[in-house]
Amino acid sequence: MKHSNVAFFIPHRGCPNQCSFCNQKTISGAQNAPSPEEIASACRQALEQVKDPANTEIAFFGGSFTAIPREEMLLYLRAAAPFVGKGRFSGIRVSTRPDAVDREILDLLKEHGVTAVELGAQSMDDMVLELNGRGHTAQDVRSAAELIREYGFSFGLQMMTGLFGERKESAYKTAKELIRLMPDTVRVYPTVVLKGTRLGELFKAGQYAPPGLEETVELCAGLLDLFEEAGIPVIRLGLHASREVEEQFLAGTYHPALRELCEARRYRERMDRALDGLPPGEYEFKVHPRCLSKALGQKRENIEWFAKRGYTIMVTPAQGIDPLNVKIAGRKEGSGCF
């Protein structure tokens, strides 16, 4: 069942550091944190409009929720808590920093209807964390993750790719370490360089060049494979499209269909492996019906990629094919997509 959020963005609230990449007001599109009254009003209105509240969470994103001054945090939770429970929303999700989690905090979250906690790990490479001003260590992530799982919360992790000082090997190291922490969900955010950030200054000074689209798609396709093989769903890949990000964008990977590009790359790589050792010619692949567009690629890019290498590829839908796989069936006559 697909889940949704009634989301509230609280930019910069509770953050003790100004991370190299961070301009939360731009990322969230929110200039001011909502008041508790506005939260209650929005929840009340959403409860009347949402078709499936039992699969909808109230979510506090954008800042470090558990680092907000305690009374302010409790006011937010008390405003949202009455809208959680039987016939109402399924729970409350909060996003926070790994070094802002302890037993006292988790006790308060549990008492006020919070059901899911996401940690902005961003990297598990201490050098990368330090270079980007995160203010916490990889061990802080491990310790917070252990506590959150002990308390029985649904547990999410967030990572970034392409940060200042990061290499491809570091990104894979981060993904593998996050998998060992056994999260229920993961979000992956390729770095977007925005005006008004330290990364923006480094970029303008020629001291930092973020990975481009091609490099990011290749990397994130591999990360999707890792998480999927571990049974961990990636519930978000890339920033949401917004006018604010577009206006403040300087460099990095920001594409409205990034997930689709990465999924297409995964299918291209599977087909390429299946063709390994076979001579150029015409070949048919069968895929699960709902994966047909992924196998073809955006604007048929996969078909064109193979054509440049002497392969004429036909892709046809077939029931019984695992959505994660492709099946080479040779060249056959009949309907298909070229």
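Keep in mind that what you see is a predicted model, and the values were worked out from it rather than measured. (Residues numbered from 1 in each chain as written. Predicted model: local features only at pLDDT ≥ 70, side-chain atom pairs only at ≥ 80, totals over all residues. Heavy atoms only, no water.)

## Concerning the pattern of salt bridges
- Under the definition given, this model contains 18 salt bridges.
- One salt bridge in this structure joins Arg70 and Glu104, with 2.8 Å as the shortest N-O distance. Within this pair, whereas Arg70 is found in helix 3 (residues 70–80), its partner Glu104 is found in helix 4 (residues 103–111), the two being separated by 34 residues in sequence.
- The exposure class of Glu104 is partly exposed, given its relative accessible area of 48%.
- The partner of Arg78 in a salt bridge is Glu71, with the nearest N and O atoms 3.1 Å apart.
- When salt bridges with common partners are traced through the structure, they connect Asp225, Glu228, Arg259, Glu263, Arg266 and Arg270 into a single cluster. (Salt bridge = Lys/Arg side-chain N within 4 Å of Asp/Glu carboxyl O. Helix = DSSP H or I, 4+ residues; strand = E, 2+ residues; numbered from the N terminus. Buried < 20%, exposed > 50% of the residue type's maximum accessible area, 1.4 Å probe, protein only.)

## Regarding the sheet that holds strand 6 (residues 185–190)
- Across the sheet, seven strands lie side by side as 1-2-3-4-5-6-8; this open sheet has parallel pairing. Among the strands making up the open sheet, the edge pair consists of strand 1 (4–9) and strand 8 (234–237). Within the sheet, the average angular offset between the axes of one strand and its neighbour, ignoring direction, is 20°.
- When strand 4 (residues 114–122) meets strand 5 (residues 154–161), the two strands line up parallel, connected through six bridges. Paired with Gln122 across the bridge in strand 5 is Met159.
- The sheet contacts of helix 2 (residues 36–49) involve strand 1 and strand 2 (56–61), and relative to strand 1 the element is tilted by about 160°. (Pairing = 2+ DSSP bridges. Axes fitted to C-alpha atoms, helices over the stretch in contact; angles between N-to-C directions. Contact = heavy atoms within 4.5 Å.)

## Looking at helix 4
- Residues of helix 4 that are buried: Ile105, Leu106, Leu108 and Leu109. In an axial view of helix 4, the angular spread of the buried residues amounts to 160°, which keeps them on one side of the axis.
- Of the surrounding secondary structure, the elements contacted by the buried residues of helix 4 are helix 3, strand 3 (91–96), strand 4 and helix 6 (138–150).
- Its side-chain oxygen 3.2 Å from the backbone nitrogen of Glu104, Asp102 forms the N-cap of helix 4. (Arc of directions from axis to C-beta. Polar contact = N/O pair within 3.5 Å; in protein donor to acceptor, adjacent residues only side chain to side chain.)

## What about the confidence of the model for the protein?
- Model confidence for the protein is summarised by a mean pLDDT of 91, while 93% of its residues fall at 70 or above.
- Throughout residues 26–30 the model reports pLDDT below 50, and contacts reaching past four residues in sequence, or to other chains, amount to 15 contacts.
- In this model, residues 333–338 is a region of pLDDT below 50 whose contacts with residues beyond four sequence positions or in other chains number 17 contacts. (pLDDT = per-residue confidence, 0-100.)

## Points about the packing of helix 7 (residues 168–180) against helix 9 (residues 213–229)
- Close contact between helix 7 and helix 9 brings their axes to 10 Å; oriented N to C, the two are set at 20°. Between helix 7 and helix 9, the interaxial angle falls into the category roughly parallel. Every pair of crossing elements has a handedness; the one defined by helix 7 and helix 9 is right-handed. Facing helix 7, whose interface residues are Lys168, Ala171, Tyr172, Ala175, Lys176, Leu178 and Ile179, helix 9 presents Glu218, Leu219, Gly222, Leu223, Leu226 and Phe227.
- Broken down by class, the residue content of the contact of helix 7 with helix 9 amounts to nine nonpolar, one polar and three charged. (Parallel < 35°, antiparallel > 145°, perpendicular 65-115°, else oblique. Left-handed = near helix turned anticlockwise from the far one by under 90°. Nonpolar A, V, L, I, M, F, W, Y, C, P; charged D, E, K, R; others polar.)

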